[in-house]
Amino acid sequence: MSVSMRDLDEVFQGAGQKAGLEIWRIENFRPVPVPKSSHGKFFTGDSYVILKTTALKSGALRHDIHYWLGKDTSQDEAGTAAIKTVELDAALGGRAVQYREIQGHETEKFLSYFKPCIIPQEGGVASGFKHAEAEEHKTQLYVCKGKHVVHVKEVPFARSSLNHDDIFILDTKSKIFQFNGSNSSIQERAKALEVVQYIKDTYHDGKCEVAAVEDGKLMADAEAGEFWGFFGGFAPLPRKTASDEDKAVDSHPTKLLRIEKGKAGPVDADSLTRDLLDTNICYVLDCGIEVFVWMGRNTSLDDRKSASEAAEELVRGPDRPQAHIIRVIEGFETVMFRSKFDSWPETTNIAVSEDGRGKVAALLKRQGVNVKGLLKADPVKEEPQPYIDCTGNLQVWHVNGQEKTLLPASDQSKFYSGDCYIFQYSYPGEDKEEYLIGTWFGKLSVEDERASAMSLASKMVESLKFLPTQARIYEGKEPIQFYSIFQSFIVFKGGLSDGYKNYIAEKEIPDETYKEDGVALFRVQGTGPENMQAIQVEAAASSLNSSYCYILHSDSTVFTWSGNLTSANDQELVERQLDLIKPNIQSKTQKEGAESEQFWGLLGGKSEYPSQKIVKDAESDPHLFSCHFSKGNLKVTEIYNFTQDDLMTEDIFILDCQSEIFVWVGQQVDSKNRVHALTIGEKFLERDFLLEKLSHEAPVYIVMEGSEPPFFTRFFTWDSGKFSMIGNSFQRKLTLVKNGGTPTVDKPKRRTPVSYGGRSSVPDKNQRSRSMSFSPDRVRVRGRSPAFNALAATFENPNARNLSTPPPVVRKLYPRSVTPDSAKLASKSAAIAALTATFEQPPPAREVIMPRSVKVSPEAIKPKPKPKPETNNNKENSMSSRIESLTIQEDVKEGEAEDDEGLPIYPYERLKISSTDPATEIDVTKRETYLSSEEFREKFGMGKDAFYKLPKWKQNKLKMALQLF
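These numbers come from a predicted model, not from an experiment.

### Describing the overall build of the protein chain
Of regular secondary structure, the protein chain possesses 23 helices and 34 strands. Scored against the burial criterion, the 965 residues of the protein chain give a buried share of 53%. The long-range fraction of contacts in the protein chain, counting pairs at least 24 apart against all pairs at least 6 apart in sequence, stands at 69%. By element, 49% of the accessible surface of the protein chain is carried by carbon and sulfur atoms, the whole surface being about 44,300 Å².

This is how it looks when you write it as structure tokens:
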């Protein structure tokens, strides 16, 4: 589309450059800006242009333009608003969606900008109207309709206006009454109360009484008697008569019209397809209640104005008062528009670029206008956060047939692609212990075992009174919070379950189950020690990628390979994962482009592999839908500009984040519907209502009202007290509106952590204690010091391999549980002696790095034998051994890691590499640990606990500068 400055109204210069609302009123056929203080105030005799700018997480700005026509506006003003909307779109680069809004028939999207409602006032700037002046309060009656947004209309103050189907608000000088028709829903009543609150705040300065009157309650109720007194006393209500607004729109055959030279002509076609639309032409798609104007990318501004006028003419008249006109640009069609066609390609040949905006920006820049917001901004680059406390307790079960077997801590982060697993994670919430129970399905797992895992997990959720959040996760689609609670995660090829073994036997597929002495290639990924994974891939050169690091082994021969696009942090993760996959074996480092023949030989020779940098998709903007599920059919309604108040306790909602979805279930949802929550989520992914190309394997969470996890509430401005209130949605909101204070809540007491099957969630020595947290208030423990490993070794399995990583050095050690038999454990003096002995040993050939996630020394990874299912006997034995165990937990708090008990303190001058009087019998790789707290802070400019939170490379850089490394 060609753009000329004479085509653009100067009032639109600079519009749409930042998120928010901008409104113009048509005065003397020109748009005049409306101050923010008057946003939401509309007059029935006026026409308005409204621009909603939304900043997307991708960095782009989305524009929606609406023109609102009051019921008493002139035809000329309405036409001006329609034309100015087209000009505004041109000024924004020609890609905005444009909506025609008629008073009383506004779209839900438009009304969502002005929650809870708009109440147009009499008056206008033209045709002799005058804006209503402030005067003595006048008793008014309003009718409210809508479950998600509320259409409010003033009706005559008379008994004949009332009916049993709708909700009415009677606004008197000293009191506001809400009359609930007997046929109205709880959700409609709750939404109408938001209008009551708006009227109370806007017209009564928040100082008036509020009363709710139920249809059918007679004079015996004092407030009902007072309400009916305004109507001359109680009398039966007449049956509601159908008005023009209530009449259903007759079915209208869909017609496609071609607009040329301002005239509309029909397009003959057996079916509607994308191929019918020409980029040089404008079209009108008449669907009855919705009339779309489609504007080709190569059409002129005049062509677009003509098409808009043709659409206006089409709906003008008394027989189509509710028709909405929606104008879309080629390449930016709405989901609703595309759904009207029998076929619409996933991608079109149209080149969608920033050219249109760039040309407009250049024109405006020559006029001295700041055009920064017109061009696409770079997406916000943020490291993904798990939004969950990672200090909780984790238990994992392996599923075999219809049974599940609890895995020891050393194996609970090692999954097989052919198997299914159940995990339970408990963590501290605001005022109670929170639970996340989920299933993980390997890519090669069989359907029967997936169903068994879901059934077993559902029973676990049910046993905890449906309070836990439930997750369904597929291999390769794991969300950040899953990785963060496991911290170090390994996926092997093959499987151990009977289902997998039977499957490969039936299909005569070779068994590729991981073998420690075989050839195996692992891709290492993640963001840090608290989020790192090793995924076994095909041992071939084509599996490599320049953006990743890899571990390749054949029995005792181990290679690490670093792609040219990897960072020092990526390479550190390889070392950490190597300690788990092939401990105590020296690896051979391979850099991309300088590989040895032996390396390529293990991969079967050289071949091509991806070498471009992998760019991760930006987080998608979430969408909220209310759901109705009946007889296997799912119907959804999108809720625009959603807030926590849109979640009604009687309903089920879906929060669609594209990469994952949440199914929120209200406390008062019928139990028959509650059990279908997962099915609703799966149906939503199948239907893909927004045509987002949703994966059927995207993570699905089932979230119960009152137990919302932080990775769900982060999408809202959340007040947990709202869901602790008693009653249905209407009763809760009535309490807030009447009292205007703290709601009556029924907060449960903090629960003692318990796990499924009666097990204590206080872990035994086989159940890992955790010290990681993403909360800024928690101190992270980087790993174990040699001191800790030595002391822990006196309590743990002497055959287990002790791993180490640079400090912080732990000052205090607390047993997680103490039994009467604890006196039999090693004495304190023996432990300290073992601790001292560690500093007399020479350092290892290769420093072994301990992942933060592991609190007990893990055994070298081996293919796990078939686990034994739980029985009553081995349950009792397991519990008995757990009671007799003692678990060491590192407990580092702010300031406690400043000094090291049992470590000698030396002055800085004796610890330097260049010292003339060097300290002896120290660990030369950790010289800084022997500094006093005061001298450490003086030299490094921070305490020890802060220092060990730094990345390893930064620690080494500082130590080198101080000659301590």
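More follows now that the structure is in view.
### Comments concerning the sheet that holds strand β15 (residues 324-329)
By way of backbone hydrogen bonds, the strands of a sheet pair with one another, either parallel or antiparallel. Strand order in the open sheet formed by ten strands is β2-β1-β3-β4-β5-β15-β14-β13-β11-β12, and the pairing between neighbours is mixed. Looking at which strands have only one partner, the edges of the open sheet turn out to be β2 (30-33) and β12 (263-266). Each strand axis lies, on average, 25° off the axis of its neighbour in the sheet, ignoring direction. Direction of pairing for strand β3 (residues 47-55) relative to strand β4 (residues 61-69): antiparallel, over a ladder of nine bridges. Counterpart to Thr 54 in the pairing with β4 is Arg 62.

### A short note on helix α1 (residues 75-91)
Between the first and last C-alpha of α1 there are 25 Å, a value that for 17 residues agrees with the 24 Å anticipated at 1.5 Å per step. Within α1, 14 of the 17 residues are buried, which leaves the element mostly enclosed by the surrounding structure. Directly beyond the C-terminal end of α1, a positive phi value near 105° is found at Gly 93.

### A closer look at the packing of α1 against helix α5 (residues 301-315)
As a packed pair, α1 and α5 sit with axes 10 Å apart at the nearest point and diverge in direction by 145°. Remark: the crossing between α1 and α5 carries right-handed chirality. Together, Ala 82, Ile 83, Val 86, Glu 87, Asp 89 and Ala 90 of α1 and Leu 301, Arg 304, Lys 305, Ser 308, Glu 309 and Glu 312 of α5 make up the contact between the two elements. A breakdown of the residues in the contact of α1 with α5 according to their chemical character gives five nonpolar, one polar and six charged.

### Looking at the environment of Ile 437
Among the structural elements, Ile 437 can be located in strand β20 (residues 433-441). In the structure, Ile 437 is positioned 33 residues away from Gln 470 in sequence and 4.9 Å away in space, judged by C-alpha atoms. Each residue touching Ile 437, except ones within four places of it in the same chain, is listed here: Phe 423, Gln 424, Ala 457, Met 460, Val 461, Leu 464, Pro 468, Thr 469, Gln 470 and Ala 471.

### Topic: the sheet that holds strand β17 (residues 403-406)
Read from one edge of the open sheet, ten strands run β17-β16-β19-β20-β21-β32-β31-β30-β28-β29, paired in mixed fashion. In this open sheet, the two strands that pair with only one neighbour each are β17 and β29 (633-639). This sheet shows a mean twist of 25° between the axes of neighbouring strands, independent of strand direction. Relative to strand β31 (residues 661-665), strand β30 (residues 652-656) runs antiparallel, the two sharing five bridges. When the sheet's bridge partners are listed, Asp 656 is paired in β31 with Ile 661. The sheet strands contacting helix α14 (residues 677-687) are β21 (469-474), β28 (623-630), β29, β30, β31 and β32 (700-704), and the helix crosses β31 at an angle near 140°.

### Some thoughts on unusual backbone geometry
Across the junction of Lys 115 and Pro 116, the peptide omega takes the value 5°, indicating a cis bond. Structurally, the position occupied by Pro 116 is in the loop between α2 (108-112) and β6 (140-145). Positive phi values are uncommon outside glycine, yet Lys 631 reaches one of about 55°. You can see Lys 631 is positioned in the loop between β28 and β29. You can call Lys 631 exposed: its relative accessible area is 82%.

### Side note on the environment of Ile 922
Within the fold, Ile 922 resides in the loop between α20 (908-911) and α21 (933-940). A sequence separation of eleven residues divides Ile 922 from Leu 911, and the C-alpha atoms of the two residues are 9.1 Å apart. With residues near it in sequence (within four places) discarded, Ile 922 still touches Tyr 906, Leu 911, Arg 927 and Tyr 930.

### Overview of the environment of Lys 683
Inspection of the secondary structure assignment puts Lys 683 in helix α14. Here the alpha-carbon distance between Lys 683 and Lys 635, two residues 48 residues apart in the chain, equals 9.9 Å. When sequence neighbours within four positions are dropped, the list of residues in contact with Lys 683 reads Phe 629, Gly 632 and Leu 634.

### Comments concerning the pattern of salt bridges
Enumeration according to the criterion identifies 37 salt bridges in this entry. Measuring nitrogen to oxygen at the nearest pair gives 3.2 Å for the salt bridge that ties Asp 9 to Arg 30. You can see Asp 9 sitting in the segment before β1 (20-27) and its partner Arg 30 sitting in strand β2, a full 21 residues away along the chain. Arg 30 sits in the partly exposed class, given a relative accessible area of 41%. Note that Lys 84 and Asp 9 form a salt bridge whose closest N and O atoms lie 3.0 Å from each other. Of the two residues, Lys 84 is situated in helix α1 and Asp 9 in the segment before β1; the sequence distance between them amounts to 75 residues. Accessibility classification places Lys 84 together with Asp 9 in one group, the buried group.

### Considering the nonpolar core
Ranked by internal contacts, the top residues of the largest apolar core, which has 77 residues, are Phe 423, Phe 482, Phe 486, Phe 522, Leu 655 and Phe 662. Filtering out sequence-adjacent residues up to four positions away, Phe 662 remains in contact with Phe 653, Ile 654, Leu 655, Cys 657, Tyr 701, Val 703, Phe 711, Phe 712 and Phe 715. One finds Leu 464, Val 663, Phe 689 and Ile 702 within the second-largest nonpolar core, a separate group that totals 38 residues.

What counts, and where the lines are drawn
Residues numbered from 1 in each chain as written. Predicted model: local features only at pLDDT ≥ 70, side-chain atom pairs only at ≥ 80, totals over all residues. Heavy atoms only, no water. Helix = DSSP H or I, 4+ residues; strand = E, 2+ residues; numbered from the N terminus. Buried < 20%, exposed > 50% of the residue type's maximum accessible area, 1.4 Å probe, protein only. Contact = heavy atoms within 4.5 Å. Areas by Shrake-Rupley, 256 points an atom, 1.4 Å probe, with all protein chains shown as cover. Pairing = 2+ DSSP bridges. Axes fitted to C-alpha atoms, helices over the stretch in contact; angles between N-to-C directions. Expected span 1.5 Å × (residues − 1). Left-handed = near helix turned anticlockwise from the far one by under 90°. Nonpolar A, V, L, I, M, F, W, Y, C, P; charged D, E, K, R; others polar. Salt bridge = Lys/Arg side-chain N within 4 Å of Asp/Glu carboxyl O. Core = buried A, V, L, I, M, F, W, Y, C linked by side-chain atoms within 4.5 Å.

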